[in-house]
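# Notes for the structure review
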Amino acid sequence: MVRILRLSEMTSEELASIKRRAELDIEQALAVAKEVIDEIRADGDQGVIKYVRKFDFPGATAENLKVTEAEFAAAREQVEPEIKAAIEQAYRNIKEVHERQMPEEVQLAEIDGGVFAGEKVTPIASAGLYVPRGKGSFPSVMLMLSVPAVVAGVEKVVVCTPPDKNGTVEPASLVAAELAGVKDIYKLGGIQAIAGMAIGTETVPKVDKITGPCNVYGSAAKRLLYGTVDVGLPAGPSESIILTDETTDPRIAALDLLVEAEHGPDSAGLLVTHSEDLAKAASKHADDYMEKLPDWRKNFCQTGLSSYGGIILTSSLEESIDFLNEYAPEHLEVLVQDPLSVLGKIKNAGEILLGPYTPIPTANYCIGVNAILPTGGFARSYSAVSVYDFLKRTGIGYLTQEGFARLGHTAQTLAEHEDFPAHAMAIRERKNLLP
Ligand SMILES: NC(=O)c1ccc[n+]([C@@H]2O[C@H](COP(=O)([O-])OP(=O)(O)OC[C@H]3O[C@@H](n4cnc5c(N)ncnc54)[C@H](O)[C@@H]3O)[C@@H](O)[C@H]2O)c1
Ligand SMILES: N[C@H](CO)Cc1c[nH]c[nH+]1
Ligand SMILES: [Zn+2]
């Protein structure tokens, strides 16, 4: 049975472990990440190729690291029409959502007589997208990263994604990339991908920003390369909370508890409820549904649900909401009787999905909201991937003579107070230099 943890009886260590998720495991990956990064810094392509061969594609060479036009053509042929149609529908919604996010290129307003303030947005010049491939194929992630980057207007979009041992990139991911307008794809996974794009080699372009979810190895590389490159939002092992009450169908709750738990042994699936009956029924149904999964996914669920996940039994809906706000889940499903009634009380979640007709997979794939979300508690301060991950906002200020007359003295006063004499002089002397 999926474990039921009564919140009031959990020790502080148990609670801390649940809230920390799998982030702790990154420590064991840091050593190998440092070794790989150092060799890629020193040896460029040869460093990259050594580790692509070691971890993914034994036949890797500098000549076959980049996906060719022929491989795109082969992918178009291989991908079933039904899969293509699904990718196209998902693409349309994701594109619609992200185009709606785009701000005006320049905004400037006169906020006081002669005082103009605003901002302009500029796409970053180059972005490196990481599309994972270890414990699943992710054409959906390809779309969720490529579409906002292209909509934002990034000139150079580079993708790294692990190849299989024969050097093949998952065909549906290539179809998705081509649909989104991205063709610079490199057969790199894990540490070597992050390091290759952060440092740049003879074959792998150096980029200004890397973003995309990855496992503990890629996450370790991002942590070590923070400062060399912008490593984007912390998107690690998947996690979710299913918030329920006594009215929730325990079968629906059990089904949805398994969704993110199946991503990997380090994924966290939590069901949070104040109904003991619901908890017990959902635990039983989850066991039954797990039997329907292939062994490797069932094992992921069982491992995750018994270490980072399970069913949290609280004393009230308010306590459930307090717990989820503290936990800050990547995915939050709200299956209580009146989902909209709790929306205003939810402060920390990567996404909020309302009601029984909005299971997490609909958002993972095709509602259009971005499914690349902060994990490990970072939903307290990070947002889902959006066009803003690929745009810079630059402030614009403009004072007319009237505006300067209005603000000059204030600026000089504060400059003198903060003991910056050149700041103060730049204002004071203008009165003698300008009409
Ligand atoms: N937060 C999000 O928005 C989001 C979205 C999708 C997926 N995810 C998560 O992303 C993660 C993807 O992980 P994954 O493993 O499936 O794919 P991955 O692409 O991150 O990792 C696979 C790569 O890891 C490297 N690797 C494997 N074993 C290694 C070792 N022993 N030493 C060094 N490198 C090694 C290989 O190069 C391989 O290509 C999952 O945890 C999934 O839950 C998160
Ligand atoms: N749930 C993942 C984010 O944690 C997104 C995804 C893609 N494919 C399946 N799931
Ligand atoms: Zn998922």
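Residues numbered from 1 in each chain as written. Chains lettered and ligands numbered in written order. Predicted model: local features only at pLDDT ≥ 70, side-chain atom pairs only at ≥ 80, totals over all residues. Heavy atoms only, no water.

### Some thoughts on the site of ligand 1
- Around ligand 1, 28 residues are found, and the nearest of them are Asp56, Tyr130, Lys135, Asn215 and Ser238.
- The separation between a nitrogen atom of ligand 1 and a polar main-chain atom of Gly236 is 3.4 Å.
- Each residue belonging to the shell around ligand 1 can be placed in one class, and the counts come to 14 nonpolar, 10 polar and four charged.
- Split by domain, the shell around ligand 1 shows at least three residues from each of two domains, domain 1 (4-23 + 236-383) and domain 2 (44-104 + 120-225). (Near = heavy atom within 4 Å. Polar contact = N/O pair within 3.5 Å; in protein donor to acceptor, adjacent residues only side chain to side chain. Nonpolar A, V, L, I, M, F, W, Y, C, P; charged D, E, K, R; others polar. Domains from an automatic or database assignment.)

### Observations regarding the UniProt feature "active site" (unreviewed entry) in the chain
- Following the UniProt record, the feature "active site" (unreviewed entry) maps to Glu330 and His331 here.
- Relative to the helices and strands, Glu330 is located in the loop between α13 (317-327) and β11 (331-334).
- If we skip the residues at most four places from it in the chain, Glu330 touches Pro237, Ser238, Glu239, Ala349, Gly350, Glu351, Ala371, Leu373, Pro374 and Thr375.
- Summarising the element assignment, His331 is placed in strand β11. (UniProt positions renumbered as here; feature names shortened; annotations may be inferred. Helix = DSSP H or I, 4+ residues; strand = E, 2+ residues; numbered from the N terminus. Contact = heavy atoms within 4.5 Å.)

### Overview of the sheet that holds strand β5 (residues 156-160)
- Taken in spatial order, the four strands make up an open sheet running β6-β5-β4-β7, and their pairing is parallel. Every interior strand has two partners, whereas the edge strands, β6 (184-186) and β7 (209-211), have only one. The average undirected angle you get between the axes of adjacent strands in this sheet is 25°.
- Pairing geometry for strand β4 (residues 126-130) and β5, over five bridges, is parallel. Each residue of the ladder has a partner; that of Leu129, found in β5, is Val159.
- Of the strands in this sheet, β4, β5, β6 and β7 touch helix α6 (residues 139-152), which is tilted by about 170° from β4. (Pairing = 2+ DSSP bridges. Axes fitted to C-alpha atoms, helices over the stretch in contact; angles between N-to-C directions.)

### Some words on the site of ligand 2
- Close to ligand 2 lie Phe138, Ser140, Ser238, Glu260, His263, Glu330, His331, Asn364, Tyr365 and Ala371.
- Contact between ligand 2 and Asn364: a nitrogen atom at 2.9 Å from a side-chain N or O atom of the residue.
- Interatomic distance of 3.4 Å between a side-chain N/O atom of Tyr365 and a nitrogen atom of ligand 2.
- Across the complex, the protein chains shield 91% of the 290 Å² of accessible surface that ligand 2 would expose by itself.
- Residues belonging to the shell around ligand 2 are distributed by class as follows: three nonpolar, five polar and two charged. (Areas by Shrake-Rupley, 256 points an atom, 1.4 Å probe, with all protein chains shown as cover.)

### Let's talk about the UniProt feature "binding site: NAD(+)" (unreviewed entry) in the chain
- Annotation from UniProt places "binding site: NAD(+)" (unreviewed entry) at Tyr130, Gln192 and Asn215. With the annotated positions falling across 86 residues, the maximum pairwise C-alpha distance of 12.7 Å places them together in a single cluster.
- Of note, Gln192 is situated in helix α8 (residues 190-199).
- Sequence-distant contacts of Gln192, that is, excluding residues within four places in its chain, are made with Val36, Ile40, Val48, Tyr51, Val52, Phe55 and Asp56.

### Focus: unusual backbone geometry
- With a phi angle near 60°, Ala328 is a residue other than glycine that sits in the positive phi range.
- Tracing the backbone through its elements, the reader meets Ala328 in the loop between α13 and β11.

### What about the pattern of salt bridges?
- Applying the stated criterion across every chain yields a total of 25 salt bridges.
- The partner of Asp112 in a salt bridge is Arg406, and the shortest N-O contact between them spans 3.7 Å. Note that Asp112 is positioned in strand β2 (residues 106-112) and Arg406 in helix α16 (residues 401-417), a separation of 294 residues in sequence.
- For the salt bridge of Asp184 with Lys156, the shortest nitrogen-to-oxygen distance reads 2.9 Å. (Salt bridge = Lys/Arg side-chain N within 4 Å of Asp/Glu carboxyl O.)

### Some remarks on the packing of aromatic side chains
- Evaluation of the coordinates by the stated rule reveals five aromatic pairs.
- Measuring from ring centre to ring centre gives 5.5 Å for Trp296 and Phe300, while their planes differ by 65°; the resulting arrangement is edge-to-face. Of this pair, Trp296 and Phe300 both sit in helix α12 (residues 295-307), separated by four residues, roughly a single helical turn.
- By relative accessible area, which is 15% here, Phe300 ends up buried.
- Here the guanidinium or amino end of Lys183 rests over the ring plane of Phe72, the centre of that ring lying 4.6 Å away.
- Its guanidinium or amino end placed over the ring of Trp296, Arg297 lies 4.0 Å from that ring's centre, counting from NZ or CZ. (Phe/Tyr/Trp six-rings, centres within 6.5 Å; stacked < 30°, edge-to-face > 60°. Buried < 20%, exposed > 50% of the residue type's maximum accessible area, 1.4 Å probe, protein only. Lys NZ or Arg CZ within 6 Å of the ring centre and 35° of its normal.)

### Structural notes on the nonpolar core
- In terms of nonpolar packing, the biggest core is built from 42 residues, with Leu143, Ile185, Ile372 and Phe390 touching the most fellow members.
- Within the residue set of this core, elements represented by two or more residues are α4 (69-78), α5 (81-101), β4, α6, β5 and α7 (171-180).
- Ranked by the residues each element gives to this core, the list is headed by α6, at nine residues.
- Apart from the residues within four sequence positions on either side, Leu143 is in contact with Ile87, Ala90, Tyr91, Ile94, Pro148 and Ala176.
- Listed in part, the 37 residues of the second largest apolar core include Val36, Val52, Leu65 and Ile191. (Core = buried A, V, L, I, M, F, W, Y, C linked by side-chain atoms within 4.5 Å.)

### Notes on the sheet that holds strand β1 (residues 4-6)
- One open sheet holds the six strands; their spatial order is β1-β10-β9-β8-β11-β12, and the pairing between them is parallel. If you trace the sheet from one side to the other, it starts and ends with β1 and β12 (351-354), each paired once. Within this sheet the neighbouring strands show an average axis-to-axis angle of 20°, counted without direction.
- In terms of strand pairing, strand β9 (residues 268-273) meets strand β10 (residues 310-313) through four bridges, oriented parallel. From the neighbouring strand, Leu271 faces β10, where its bridge partner is Ile311.
- Contacts between α13 and the sheet are confined to β8 (239-243), β9, β10 and β11, with β8 contributing the most and set at about 165° to the helix.

### Re the environment of Asp230
- With respect to the helices, strands and loops of the structure, Asp230 is situated in the loop between α9 (216-225) and β8.
- The class for Asp230 is partly exposed, based on a relative accessible area of 38%.
- When residues no more than four places from it in sequence are discounted, the contact partners of Asp230 are Asp208, Lys209 and Ile210.
- Side-chain polar atoms of Asp230 contact the backbone nitrogen of Gly232, separated by 2.8 Å.

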